[in-house]
Amino acid sequence: MSKVNTVLGPVAPEELGVVAVHEHVGYGMPGSELDTRWWKTPEERYAETVPKLRRFHEYGGGTFVDVTGICNGRDIDYYKSLSAKTGVHIVACTGFVGGDTALPFFERAGVDYLTRQFVHEITVGIGGTGSRAGVIKVGVSRGGRMTDLDLRIYRAAARAAVSTGVPILTHLAIDVEPAVAVFEEEGLPLHRVLFGHADDGLNAPNTPDTWLAGRGGRIGFDTFGYETELEDPPFWARPRRERLAHFLGFLGKGFLDQALVSADANCSPLGWPGVKGHTVNYLFEELVPDLRDAGLDEATITRLLVHNPADFLTIQN
Ligand SMILES: [Zn+2]
């Protein structure tokens, strides 16, 4: 039977509904929990998060993919309670946002150890939670060049993806040739990889989105909503019209089935203030109306938000 791992157990792909494929319940850098400026009680975190997920559900959102890696505040028991409370399926990840967010224990780990770690979290469970990871996160460290550790993580992720059938999702798709070489060496078809943040203001110019898509890769336009029009935009923001034009141009090149969209928002950020005025619900409140205005029909929008992510997330046997 086809299935997708969620924190509350396996779900049939047809049951995912509208998927936000790259999101965060709460993302923070390792050690942020030690900085008392940012401490929040569990009640405060719930109060920030639950209304956003409830609204997502009311809009018709079915599944929230949390790609907060190991060491960045991933908290599976918390996700289980959020999912039970709101009715939103939550998919958790194994892997790392980038080598530079891995604590020293993992920094020293070899490919074999990392592979076993990822496979265990996908097939047995994450810690003692019993919840299995549904996607593998990898990424490029700050500085924009793949480090040795990044490459070890990519290789371990590729091996875990080949052996379990769970897909890979990347933070950034810059300096991408070494990553593609690793995937090809490990025998992982690129349609099992979502190359993310192809649309962000800082990295879009260095992301070869059509080259990757031409080789079969899936492309994440997954920072929708981080706009220069925001009151206090982050450094990776981009003018709204420019991002939309980039996205529509990509679709126009025949890559509709390889396009995935998300907002990369934080429900309740850890160790930083987050970006005010931006939530996962941008997808319903702004993106879908923009796509309709641009002339996309409902079937196309459904492919982007429902069918493409379900196809990506379905575990391959
Ligand atoms: Zn993210």
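As shown above, the structure is provided for reference.
All values reported here derive from a predicted model rather than from experimental measurement.

The rules behind the values
Residues numbered from 1 in each chain as written. Predicted model: local features only at pLDDT ≥ 70, side-chain atom pairs only at ≥ 80, totals over all residues. Heavy atoms only, no water. Pairing = 2+ DSSP bridges. Helix = DSSP H or I, 4+ residues; strand = E, 2+ residues; numbered from the N terminus. Axes fitted to C-alpha atoms, helices over the stretch in contact; angles between N-to-C directions. Contact = heavy atoms within 4.5 Å. Donors = N, O, S within 2.8 Å, 3.2 Å for Na, K, Ca; no water. Buried < 20%, exposed > 50% of the residue type's maximum accessible area, 1.4 Å probe, protein only. Salt bridge = Lys/Arg side-chain N within 4 Å of Asp/Glu carboxyl O. Polar contact = N/O pair within 3.5 Å; in protein donor to acceptor, adjacent residues only side chain to side chain. Core = buried A, V, L, I, M, F, W, Y, C linked by side-chain atoms within 4.5 Å. Left-handed = near helix turned anticlockwise from the far one by under 90°. Expected span 1.5 Å × (residues − 1).

Caption draft 1: Structural view of the sheet that holds strand β11 (residues 259–261). The sheet built from six strands is open, its strands ordered β6-β7-β8-β9-β10-β11 with parallel pairing. Edge positions in the sheet fall to β6 (93–95) and β11, since each has one partner strand and no second. Looking at each pair of strands side by side, their axes are set apart by 30° on average, direction ignored. Contacting β7 (135–139), β8 (168–171), β9 (193–195), β10 (218–221) and β11, helix α10 (residues 298–313) crosses the sheet at an angle of about 110° to β11.

Caption draft 2: Quick look at the coordination of the zinc ion. Within the protein, H22 (NE2), H24 (NE2) and D264 (OD) serve as the donor atoms for the zinc ion, at 2.0 to 2.1 Å. Look at where the donors of the zinc ion fall in the sequence and you get H-x1-H-x239-D. For H24, a relative accessible area of 5% corresponds to the buried category.

Caption draft 3: Quick look at the pattern of salt bridges. Tallied over the entire structure, the rule returns 21 salt bridges. Taking the shortest distance from any N to any O, the salt bridge between D100 and R142 comes out at 2.7 Å. Residue D100 is located in the loop between β6 and α3 (104–107), and its partner R142 is located in the loop between β7 and α5 (148–164); the two are separated by 42 residues in the primary sequence. Here R145 makes a salt bridge to D175, at a shortest N to O gap of 2.8 Å. One end of the pair, R145, is in the loop between β7 and α5; the other, D175, is in the loop between β8 and α6 (177–185), with 30 residues separating them in the sequence. A residue is classified by how much of its surface remains accessible, and R145, at 57% relative accessible area, is exposed. On the basis of relative accessible area, D175 is assigned to the buried category, the value being 15%. Each member of the salt-bridge network shares a partner with another, and the members are D112, R155, R159, E185 and E186.

Caption draft 4: Representation of the side chain of T86 in the model. Looking at where T86 falls in the secondary structure, it is placed in helix α2 (residues 76–86). Residue T86 is classed as buried on the basis of its relative accessible area, which comes to 7%. Side-chain polar atoms of T86 contact the backbone nitrogen of V88, separated by 3.3 Å.

Caption draft 5: Focus on the nonpolar core. Of all hydrophobic cores here, the largest spans 81 residues; its most connected members are F96, F118, I136, I168, F183, F195 and F247. The dominant element in this core, judged by the number of residues it contributes, is α5, at eight residues. Those residues in contact with F96 that sit more than four places away from it in its chain are G69, I70, C71, A102, F106, L114, F118, K137, V138, G139 and I153. Counting 16 residues, the second largest nonpolar core, distinct from the first, contains V11, L16, C93 and L260.

Caption draft 6: How the structure looks around the packing of helix α8 (residues 240–255) against helix α9 (residues 282–293). For the pair α8 and α9, the least separation of the axes is 11 Å and the interaxial angle reads 65°. Crossing hand, α8 versus α9: right-handed. On α9, the residues touching R240, R241, L244, F247 and L248 of α8 are Y282, E286, L287, D290 and L291.

Caption draft 7: Broad picture of helix α1 (residues 42–58). A rise of 1.5 Å per residue sets the reference length of α1, with its 17 residues, at 24 Å; its end C-alpha atoms lie 24 Å apart and thus fit the reference within 8%. Those residues of α1 lying buried are R45, T49, V50, L53 and F56. The inward-facing, buried residues of α1 abut β3 (18–23), β4 (61–66), α2, β5 (89–91) and α9. The first or second residue beyond α1 is G60, which carries a positive phi of 110°.

Caption draft 8: Fine view of the sheet that holds β4. Taken in spatial order, the three strands make up an open sheet running β3-β4-β5, and their pairing is parallel. Strands at the two margins of the open sheet, each flanked by one partner only, are β3 and β5. Strand-to-strand twist in this sheet, taken as the mean axis angle between neighbours without regard to direction, amounts to 20°. Here β3 runs beside β4; their pairing, made up of four bridges, is parallel. By the bridge assignment for β4, V19 is matched with T63. The sheet strands contacting α10 are β3 and β4, and the helix crosses β3 at an angle near 60°.

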